[in-house]
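# Chain and residue survey
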Amino acid sequence: MKLSVIVPAYQVEAYLPACLEALLDQDMGDYEIICVDDGSTDRTGEIARDYARRWPQVTVICQPNGGLSAGLRAASGEYVYFMDADDVLARGVLGPLCRLAEEEGLDQLLFDYARFEDGAVPSLSAGVDPGRLRRYRDPLEMRRDPAVPAWRTAWNYLIRRAVLEEYGLRFPTGALFEDVEFNFWLDRCAGRCGYLDQKLYGYRRRAGSILATFMDDIHFSGYIQGRLGLDAWRQNQEELDRNGDGVLQ
């Protein structure tokens, strides 16, 4: 299996079909789409299961608070890609991205994104242009390049799954913005990487998203608790590293 695409989905019945349709329209045959229904109470799970019945590439994991790590445990691809269910991806790019990463021997291949308002259409690059690839020894060197976007998430790169397995790298569960901690450790685990200066991903700005609501009265206390939990998690990993364990849990 060349690629595993992991799609965490919670209360996104209005957006999931467009996400899955884009993922099914990619220039490659040897890949899987793992949709993780995180305890949705709307039709998210029903929609995901309907796609799984019709498309052999699609599988569904249904469990509360499973998130990205639940999909990662089920992944079998050489490379892994994470996508939010309310966003969009340019058509026909995953195959070329995987081939480029393989040809260049990359552990990580980062690409650019475009923000767009809910109801609008994002302006994305057409196709993958290898001539726009910047190469780096590791992610820390890439981060120091001012030409590379500073905002890193879990959805604007491909990562070699062997790196995640070697270091036991997973997303902490039960906290908002868990990709912050994931990327902190990924920067220190991955080797050769590249940045493709093309907008291939559309990040949808919508009223009900986590980014739009985490500071309100209802969600802020949960956000703070999550950050405290992430800090404890990071300290634990650093202690393991100092003790020479060499494995991130």
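Please refer to the structure placed before this passage.
Cut-offs applied
- Residues numbered from 1 in each chain as written.
- Predicted model: local features only at pLDDT ≥ 70, side-chain atom pairs only at ≥ 80, totals over all residues.
- Heavy atoms only, no water.
- Salt bridge = Lys/Arg side-chain N within 4 Å of Asp/Glu carboxyl O.
- Helix = DSSP H or I, 4+ residues; strand = E, 2+ residues; numbered from the N terminus.
- Buried < 20%, exposed > 50% of the residue type's maximum accessible area, 1.4 Å probe, protein only.
- Arc of directions from axis to C-beta.
- Contact = heavy atoms within 4.5 Å.

This paragraph deals with the pattern of salt bridges. Pairing between side chains becomes possible if they bear opposite charge and their charged atoms approach one another. In this structure the tally under the stated criterion is 20 salt bridges. A salt bridge links arginine 143 to aspartate 187; the shortest N-O distance between them is 2.2 Å. Separated by 44 residues along the polypeptide, arginine 143 in helix H5 (residues 139-143) and aspartate 187 in helix H7 (residues 178-189) bring together distant segments of the chain. Here aspartate 187 falls in the buried class, since its relative accessible area comes to 3%. Between arginine 170 and glutamate 165 there is a salt bridge; the shortest N-O distance is 3.2 Å. The class for glutamate 165 is partly exposed, based on a relative accessible area of 38%. Connected through salt bridges with shared partners, the residues Lys2, Glu78, Glu102, Asp107 and Arg160 form a single ionic network.

Before going further, it helps to examine helix H2 (residues 44-54). Burial in H2 covers these residues: Thr44, Gly45, Ile47, Ala48 and Tyr51. Considered in projection along H2, the buried side chains sweep an arc of 165 degrees and stay on one side of the axis. On its buried face, H2 sits against strand S1 (3-9), helix H1 (16-24), strand S2 (31-37) and strand S3 (58-62).

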